[in-house]
Each structure stands twice: as C-alpha cells, then as structure tokens.
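# Examining the three-dimensional arrangement
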Amino acid sequence: MAHHNDTTEGTLGETSRRTFMKATGAATGVVVAGTGTAAAQTDVDAIIDELTLEQKAAQMTQVAISSFEPEPSESNVPDNFGVDTVGEYFSDLGVGSILSGGAEPPSFQASDVVEGVNDLQEYNLNNSDHGIPFLYGVDATHGNVLLEGATAFPQRMNMGATRDPDLIAEAERHTSDATASMGAHWTFAPTTDLQRDPRWGRFFEGISEDPKLTGDISRVRADALEDDDRLTACVKHFAAYSTPNNGNDRAPVDTSLRDLRTNVMPPYRDALESEPGTVMVNSGAVNGKPAHASHWLLTRMLRDHYGFEGVVVSDWDDLNRMITNHDYAPDFRTATKEAINAGVDMYMIGNGGSAPGPVQYVDTVVSLVEDGEIQMDRIDEAVRRILELKVDLGLFDQPTVDESRIGQRLGGAADTAEQLARESLVLLKNDDGALPISSQDDVLLTGPGVDSNGNNTRALMQHGGWTLGWQGASAGGPYPRQNLLTDALRDRVANLTHVPTAYDNTGWWAGQGDGPDQQTDENGNFDFTESQRQRVEDAAPDADAVVVVLGEGTHNEGFGDRDELVLDEAQQDLLDTVVSAVDDSTQVVGVFLAGSPRGSPETFSKLDAALFAGQPGSDGGPAIADTLVGEYNPSGKLAFSWPENVGTAPVQYNRYDPTSTGATDNTPMFEFGHGLSYTDFTYESVSVTPPTVGNPANRSEVTVTVEVRNSGEMAGEHVVELYNTQSYGSVLQPIRRLLGYERVSLDAGERTTVEVTADLRALEVVPGDVLALGPKVVEAGEYELTVGQGGPTTTLTVQNTASITDPDPVPGSADAQSSTARSQDPTMEDVVDLLKEARRSS
Ligand code: BGC
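Each residue is numbered by its place in its chain's sequence as written, counting from 1. Where local features are concerned, this predicted model is filtered to residues with pLDDT of at least 70; where side-chain atom pairs are given and counted, the filter is 80 or more; whole-chain, interface and lining totals use all residues. With hydrogens and water excluded, all non-hydrogen atoms of the structure serve as input to the side-chain values.

It is worth spelling out the overall build of the chain at this point. Counting from the N terminus, the helices are the DSSP runs of H or I reaching at least four residues and the strands are the DSSP runs of E reaching at least two. The helix and strand tally for the chain stands at 27 helices and 28 strands. Looking at the 842 residues of the chain, the share that counts as buried comes to 64%. In the chain, the share of contacts with a sequence separation of at least 24, taken over all contacts with a separation of at least 6, comes to 79%. For the accessible areas, the method is Shrake-Rupley and the probe is 1.4 Å, while residue cover comes only from the protein chains on display. In the form shown here, the chain has an accessible surface area of approximately 29200 Å², with 44% of it arising from carbon and sulfur atoms. To sort residues, take the accessible area from a 1.4 Å probe on protein chains only and compare it with the maximum for the residue type: under 20% means buried, over 50% means exposed, and anything in between is partly exposed. The contact criterion used throughout is that any non-hydrogen atoms of two residues lie within 4.5 Å.

Written out as structure tokens, the structure is:
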C-alpha cells in the first residue's frame, strides 16, 4: 500500500507538528506546566482536532515488535504488514502503541531494552507526522520477568494461597518500578479471571476460584502496579475468560446471568475500583457472543455500570480471531466494525505472519468511518482516551526514561519474593509428622526441574509461563534471578544426594516427531532413564527422607490445555521406584511444582507428606527448603479446590448442593482453604459485632472476633478464615462462601484475639427466576458464620433485603425483553419494561 503520509490530505504539516510539539513540551523537553485534567483536556482536544482520520486510526493501533531497530538493512516486520521496517510503523503510519508480547522483548538484556525503547521513541518523535509518543506494553505478570536476572515473584495461583494482599502489594510496587525503569509504560496485569477449570492452560494465572479473594488481590495488584506514575495496569480478560465449556483456551463459555453476576464479574469490578488505566478483552465468547463484539460487556457493563473511563485494548489478534477462531465474522471489515462499535479502543496486533497487519487495520477503520458504519465520535472517543492516558503517564513531558535506573532495580525485592514464596506453599498432607525433615538427616532429592546443570534438568519448573518467554524460559537460559532447591536443601541437611531426572520443555510445544505443534497432557517431556533408576535405587534405602519433585513443566495458553491431571508416566515410575526401594523408616515427601492440581489419589497414597509449591518463582528454592526442614512453618491455604480427577472438575468450593449423588463421589481431594501446619491452631469464643444488621446497603461490613491459640509446639503463621456456611434465601445458596480472612503469627502456646472483617458483599445473590435480571441483594435472614473449616460458629441476622453493589436491574435487561434485542438504542418499550422490572424488584 502507498505510504499514508504521501497520499493523505490534511496530514499535519511541519508547522503544525512543531506547534504541537512545543505545546506539549516534547520538542524541547520542557515539562508542561499544570498537567492537571483541565490542561490535559485542552491539549488532547487540540491534538484530536489536528489529526487526520488515518492518524486517529493509527493511534488506535498497537503492534508487536520483534526488534527495536527502526531502519535495519533487511525487513524486520512480517511480510504482509504493508511496511518494511519497524521504523515505518512510525514514519508511515504513526501507530499509537507497540508491545512485546509473551514476556519476550527483542533482547533479555536490560540495557538493550531500555536503550532500544528510548531510541525508538526518539525515532518516533522525529519521524512521525504528529510527534505523539507511543505507549510500550509488556506482560510483567509476576514481576518484571522480561529480563535476565529479574526477580520472578510467585505466580498468581501462589499469590492466592498466601491470603496476604499487603505483601502482594509490596511485590507489585517493585514490579511497577522495575517495569517502568525498563522503559515500558503498560503492563498487561492483573489477570482477574476466576480460577475454575484445571484443564485450562492458564489456570496458574488465576488468583483463586473464590470471587472475594480474587477481587481483593486484584484490587491491590491493579493499584500497586500503578505505583510508578509512568506505568499503567490492565485488568484482564474482561470478562468470563476462564470458564470455557471444554476447558480449552479462547473457547466459548456458556454461563448463567446469575453465575456471571454473583461470581464471575465481581473480581473485575473490584479491580476496577482502583481505576486502572486500561482493560483487556476476553478472547473467548460469552453465551454465544465473542467478547470483542459484545456491546453489553464492553459498554453497558464496563462503562455504564462500572464507570470505567480508560482504554479498552483487544487481546492479541483478536479481531482476526473473530474470523479464524470463532468463525463468527465473515471478514476483517465486519470484525473491525463490530469490535469498535462494541467498545474496543485499541487493536493489539501480533507479529505472527498471516493475520491482518496495522496498515490493513488502519485502512479498514478509515473506510468504515467514511462509509458511515463507525461514527467519527466513536473514533474521537477512543483516541481521546488513548491520548489522555499518554498525558497521565507523563509521556508528553518526558518521552524517554533514565537509562541508569533499571540497573538498580533488576533482581530487587528479594526478601519480599522469598516471603511471598514461603507463604504460598501449601502442606497438603503430613502423616505422622513426616515433615519437617531433621537437619541431621541424610536426604535423597530426586525428580525433574530443580537444578540448572545439563540440558535436560533445568530449573524451569519453579517459574512457569510468562518468564523470559511466552512458554517460560528457554533451554539453557537466560533465566531470571533464581535460587534453586538443590542448593538450598544441600545447605540445610547433613548430607544430600541429588539424582536429577530428565525434563525437557522445548519439544512438547514446538513440534516433535512427525506432527507439528504436538502437545501433551503432561505439560512437558519427562524421562526416567535406566541409569537414573539405578542411582535412585542405590541411594534411597540409606536415606532418612526422599524428597521427590513431581508436577509439570512450564506452559502457557492453549499449549497448556490438558485433558488429564494425572502425573506423567516417567514421574509415576520414579515415585514407584522410590516407594519400592525404601522401608517404613524412610519418609517419602512429594514436592509439587505445577501450575495445576497434578496427581491422583493413588499418587498421594504413596506419599508420607506432600507440599504443593505451585510455581514459587526466583526464591522458590530456599522457601521450599526452609519449609522442608522446619525453619519455616507452612501457612499457605489452597485457593482452589483440588479435584480427584478431571471427571469431577470443576468442583469449586462455593458450589451448590448436592456434590455427590449416585455412584460417583465428586468431593474434592483437597478443599479450598486446606493447608496444614507443623503446629495446631485452635479457636474459641467467636462473636460478631454487630450481631444484627438492619440494612446492608448502609453497613456492608461486620467484625467477627475470635480467640486463636497456637496449641502446638512450634511458632507459626496462620490464616484465620471466616465463612458463611448455612443460610436460606429465595435462590440456592452456596455450600460455603468466604467473607474474610486475617493472617496472624503466634509463638508456641501463645493466644491472641483476632478480628476478621466480614465483607457482606460476598453474601449478595441475584433473586428471582431463571433470567436473574433484578438487583443483586443481601437477602434478609440468618447467616451462620463459621471460623475455619468446621470451627466455632456464630449467627448474623440481616433484617432487610438490600443491595450493596448492584441496586439497579441488570444493564441491558431491557434488551432481553425487547424484540429489537440487537439494537443498541432502547425503545420506549424497553424503558417501560425497565421501569416495570425496577418496580417489581423493589
Ligand atoms: C494473552 C494476553 C497477553 C497478550 C500479550 C495474549 O495471547 O491472552 O493475556 O497480555 O497475549 O502478550
């Protein structure tokens, strides 16, 4: 295609460009006085007036780059993208944003990245016709894990197990600083999707299956990730991405409006309370509508109901995926029109080859506006949001970043990372005090993925995906900063024998054997060779304890989807070999490094103790070793329910009764909230203040007070949890639901009074018949409150039914009753229906 600048009438000329740059300070580096809203508004309006339609469409474009080099000798962009070089994204198009997807920047070296981004920004300012700074987005999802030597915080599933929002906020403040220091302006985090289906390859990215816990942690993450003024967060993937019917990534979800409103949407709502700059759209479809084409999700709910004012970005190539994945849109023009009219402000374009590139996108938008199929106001609205974000981030004032900063941040916050890792470890099983291991013991450590020696036994299992690469770090590194279990355990016991077994994560997704892109249910290629077997058989009988690492390899997105949760055969073989080689005097301890609940009841029956370590990140090694030897007393609690097998999933703890009828027992193997300690905690004298709430709309919290005693012999941390366990209402009530939690630390024998805030929003239900369109309310009635699992109870009385979060009939309920359901403008009939519905519900 022809270069846009050459052919477009009304392109900003030299004079206006200079005028604009002067007004914003970009040309002189002078900080604009008063970047308050009024000043920002004035500038932004002036810019919008100056931009051509093509330039506006280009601002609505984000494109993935695989190089920071603007003018290489050979093309460094995909063939079909209509330009030849990364530089031409700016000089020819003037795109609004670039990204490095998959936690994979063009280089993993900090100085390359920061210098590369700065140079590219300068190139953009000097060569684009408008001189507007670009936004650079990355996936800093568990730390700024895009650089060699960076601190990898524990993955999201680990964060949920800590129940420690304050510590998570501390970690994310470091992420914010470290990501902004690298020159990025935007992290595609937090992931706020409920964690429900362990078949889904992104299960490890969820905080919890519980909406309150997910909401609490997502709110603090969204807030702390914006701690640095130059970084914006992204609540994703709006909405209902994580509950695909078939357990596969980017697949349709069918769910009830009741489940959506009660469980699925609240975590996004909570995260949006911190007013993040951006939201990313769900790549799947909800109740038959691709989320990217859903006006209800992206405008009625997100804008009108939740009041979100920032930028909505599509997910990777997702306009195109309406054609290729969902078979919904016949062509790219239809997909683009539907997405922008539904509420997408910016299109994230991957660099994967055959999908439409930025030139095609810009041309399509221009033609849709010219043909009246997208209104100019809608374009201006999107561009205004994008420019306001750039103003808020200070990019016009200071488009580049101080290159010396990142060196001081890289690999920092180690204490926070280690403490977070410790708190996230869940002791699933500990028969007859098998753990802790004595520091005097002879220990055999075996299994895959816990050291960095050799090609086949890399230390990858502690990090997971989005770690120096989309599917996790590659063979041979580079790696984030990492402390390994092998070294940490060797330092803590009298004698350590280490027999690593083979693990290779490259072949399983890059294609192996004859077939392309083969993936396995095991999430990795594991092996247990004859010589490894021999060494295990030799060492095991003399060991006081055998620590067997089990689990799965690093994975991500669709390549991580699995139909089974049983362990890989080589690992089963390893465990059987260990069990046959030892007698009762040797403890067999399983350490699970995995992003999903791996292992069958049979697996667990063979272990004396089992520690679920998830993907604990940089400091997983010392955190696990300290826990195994009792230098740390485990305190993590499962944030999801662990099914016995795939046939019973999903089986989240806040399900409705009954769980098991007929021949099968669907009870989870380990329940949400399960997590053992080396000491015992007992509860007494529980009470609630006030015991009666007149109107929950006026009082959304009560305080539950309980005496907690460490009645065992070791100091320890403990999470006191408060559940509603019994109540009756006009619709089904969940078996249990979490209302609050508090982490405490007690010496052996110590007792203390703990106050837990009970969040009554978690009691809201959507009354009414199947459609569930009315206001969401806490219904009048008596609510049994239970401390812990099966602990003491007290009763809260709610006198009046009232709504705390959702007093209006569901937005768009008029659509549901209108014959013109596809139209976005309510008819008079809709309004009348809405009023009737409101009256009925009040
Ligand atoms: C994922 C997003 C991610 C984006 C950029 C997509 O494939 O779904 O979560 O932010 O890629 O890497």
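Alright, that's what it looks like, and here's the rest.
On to the packing of helix α5 (residues 86-93) against helix α6 (residues 110-127). Interaxial distance between α5 and α6 falls to 8 Å at its minimum, and their mutual angle equals 25 degrees. Classed by the angle they form, the pair α5 and α6 counts as roughly parallel. Crossing angle aside, the handedness with which α5 passes α6 is right-handed. Each of V86, G87, F90 and S91 in α5 lies in contact with α6, whose residues at this interface are L120, Y123, N124 and N127. Classes in brief: Ala, Val, Leu, Ile, Met, Phe, Trp, Tyr, Cys and Pro nonpolar; Asp, Glu, Lys and Arg charged; the others, Gly included, polar. Along the lines of polarity and charge, the residues of the contact of α5 with α6 split into four nonpolar, four polar and no charged. Angles shown run from 0 to 180 degrees and are taken between the N-to-C directions of axes, each axis being a line fitted to C-alpha atoms and, for helices, limited to the stretch in contact. Roughly parallel means an angle under 35 degrees; roughly antiparallel means over 145; roughly perpendicular covers 65 to 115; every other angle is labelled oblique. We call a crossing left-handed when the near helix sits turned anticlockwise from the far one by less than a right angle, and right-handed when that turn is clockwise.

Attention shifts here to the sheet that holds strand β26 (residues 781-787). Taking strand neighbours across the sheet as the criterion, the five strands line up as β20-β27-β26-β22-β23 in an open arrangement whose pairing is mixed. Two strands in the sheet have a free side with no partner beyond their single neighbour: β20 (692-693) and β23 (737-746). Note on pairing: DSSP must find at least two bridges between two strands before they are called paired. With two bridges joining them, β20 and strand β27 (residues 793-798) adopt parallel strand pairing. Paired with V693 across the bridge in β27 is V798.

It is worth spelling out the nonpolar core at this point. Nonpolar cores were defined as sets of buried Ala, Val, Leu, Ile, Met, Phe, Trp, Tyr and Cys residues, with membership established by side-chain atoms within 4.5 Å. Core analysis: the largest hydrophobic core is formed by 174 residues, its most contacted members being Y89, Y136, F238, L489, F612 and L628. Taken domain by domain, this core gets at least three of its residues from each of domain 1 (7-409) and domain 2 (425-648). Grouped together as the second largest cluster of nonpolar side chains are 25 residues, Y683, V693, V704 and V798 included. Boundaries of every domain are those given by an automatic assignment or by a domain database.

For the rest of this paragraph, the subject is helix α12 (residues 295-305). Counting buried residues in α12 gives eight out of eleven residues, a clear majority hidden from the surface. Along α12, the positions that sit buried rather than exposed are H295, L297, L298, T299, R300, M301, L302 and R303. Just downstream of α12 lies G307, where phi reads positive at about 70 degrees.

Where helix α21 (residues 530-539) meets helix α23 (residues 569-581), the axes come as close as 9 Å, and the angle between the chain directions of the two elements is 30 degrees. Judged by the inter-axis angle, α21 sits roughly parallel to α23. The two elements α21 and α23 cross, and the hand of that crossing is right-handed. Of the residues in α23, those in contact with R533, V536 and E537 of α21 are D573, L574, T577, V578 and A581. Of the residues belonging to the contact of α21 with α23, the class tally is four nonpolar, one polar and three charged.

Our next topic: the packing of aromatic side chains. Pairing of aromatic side chains requires ring centres within 6.5 Å, counting the rings of Phe and Tyr and the six-membered ring of Trp. Pairs whose planes differ by under 30 degrees are stacked, by over 60 edge-to-face, and all others tilted. The final tally for this structure, using the stated rule, is 23 aromatic pairs. Seen from their ring centres, F332 and Y361 are 6.5 Å apart, and the 65 degrees between their planes marks the pair as edge-to-face. Taken together, the positions of F332 in helix α14 (residues 332-342) and Y361 in helix α15 (residues 358-370) put the pair 29 residues apart, joining distant regions of the chain. Given a relative accessible area of 7%, F332 falls into the buried group. Pairing F612 with W642 gives two aromatic rings, centres 5.1 Å apart and planes at 85 degrees, and the pair type is edge-to-face. Of the two residues, F612 is situated in strand β18 (residues 609-614) and W642 in the loop between α25 (620-628) and β19 (681-689); the sequence distance between them amounts to 30 residues. The residues F612 and W642 share a single accessibility class, namely buried. Here a set of aromatic residues connected by ring pairs shows up, and it is made of F203, F592, F604, F612, F640, W642 and F670.

Attention now moves to a negative patch on the surface. There is a patch of like negative charges on the surface, built from D112, E115, D119, E122, D402 and E403. Residue placement: E403 occurs in the loop between α16 (376-392) and α17 (405-409). Residue classification places E403 among the partly exposed positions, given a relative accessible area of 37%. Patches here: salt-bridge-free residues with over 30% relative accessible area, like charges joined within 9 Å, nonpolar side chains (Val, Leu, Ile, Met, Phe, Trp, Tyr) joined within 5 Å. Within this document, salt bridges are pairs made up of a side-chain nitrogen of Lys or Arg and a carboxyl oxygen of Asp or Glu, the two lying within 4 Å of each other. Positive charges are assigned to Lys and Arg, negative charges to Asp and Glu, while His and the chain termini are left out of the count. Charge positions come from single atoms, namely NZ of Lys, CZ of Arg, CG of Asp or CD of Glu.

Moving on, we get to the pairing of strand β17 (residues 587-593). Of all seven residues in β17, six are buried, a share of seventy percent or more. Where β17 and β18 come together, five bridges link them in parallel fashion. In the sheet register, L593 faces β18, and the bridge partner there is G614.

Pairs may arise between side chains of opposite charge once their charged atoms sit close together. This structure, assessed with the given rule, holds 56 salt bridges. A salt bridge links D216 to R219, with the shortest nitrogen-to-oxygen separation between them at 3.8 Å. Of this pair, D216 and R219 are both found in helix α9 (residues 211-224), three residues apart, which corresponds to roughly one turn of the helix. The exposure class of D216 is buried, given its relative accessible area of 10%. Residues joined by salt bridges that share partners form a network here, namely R156, R202, E205, D249, R250, D315, D318, R321 and E557.

Close to the ligand lie 15 residues; D139, R202, H237, R250 and D315 are nearest. By the criterion applied in these results, polar contacts are pairs of N or O atoms within 3.5 Å in which, for protein atoms, one can donate a hydrogen and the other can accept it, and in which residues neighboring in sequence qualify only through two side-chain atoms. At a separation of 2.9 Å, an oxygen atom of the ligand approaches a polar side-chain atom of K236. D315 places a side-chain nitrogen or oxygen 2.5 Å from an oxygen atom of the ligand. Starting from 310 Å² of accessible surface for the ligand in isolation, the protein chains cover 97%. Think of it this way: one heavy atom of a residue within 4 Å of a molecule or strand is enough to make that residue near it.

So, about the sheet that holds strand β9 (residues 311-313). Adjacent strands of a sheet pair through backbone hydrogen bonds, lying either parallel or antiparallel. With parallel pairing, three strands are arranged side by side in an open sheet as β5-β6-β9. On the outer flanks of this sheet lie β5 (234-238) and β9, each paired with one strand and no other. Within the sheet, the average angular offset between the axes of one strand and its neighbour, ignoring direction, is 25 degrees. As paired strands, β5 and strand β6 (residues 278-281) are joined by three bridges and run parallel to one another. When the sheet's bridge partners are listed, F238 is paired in β6 with V281.

Structurally, Y479 can be placed in the loop between β12 (442-447) and α19 (485-490). As a C-alpha pair, Y479 and L146 span 333 residues in sequence and 9.4 Å in three-dimensional space.

A few words now on the side chain of R258. Looking at where R258 falls in the secondary structure, it is placed in helix α10 (residues 257-264). Notably, R258 is buried but unbridged: the nearest opposite-charge side chain belongs to D769, and the N-O separation is 6.5 Å. At a separation of 2.8 Å, a polar atom in the side chain of R258 contacts the main-chain carbonyl oxygen of V766. Separated by 2.7 Å, the side chain of R258 and the backbone oxygen of G768 make a polar contact. When sequence neighbours within four positions are dropped, the list of residues in contact with R258 reads Y656, V731, V766, P767, G768, D769, V770 and A772.

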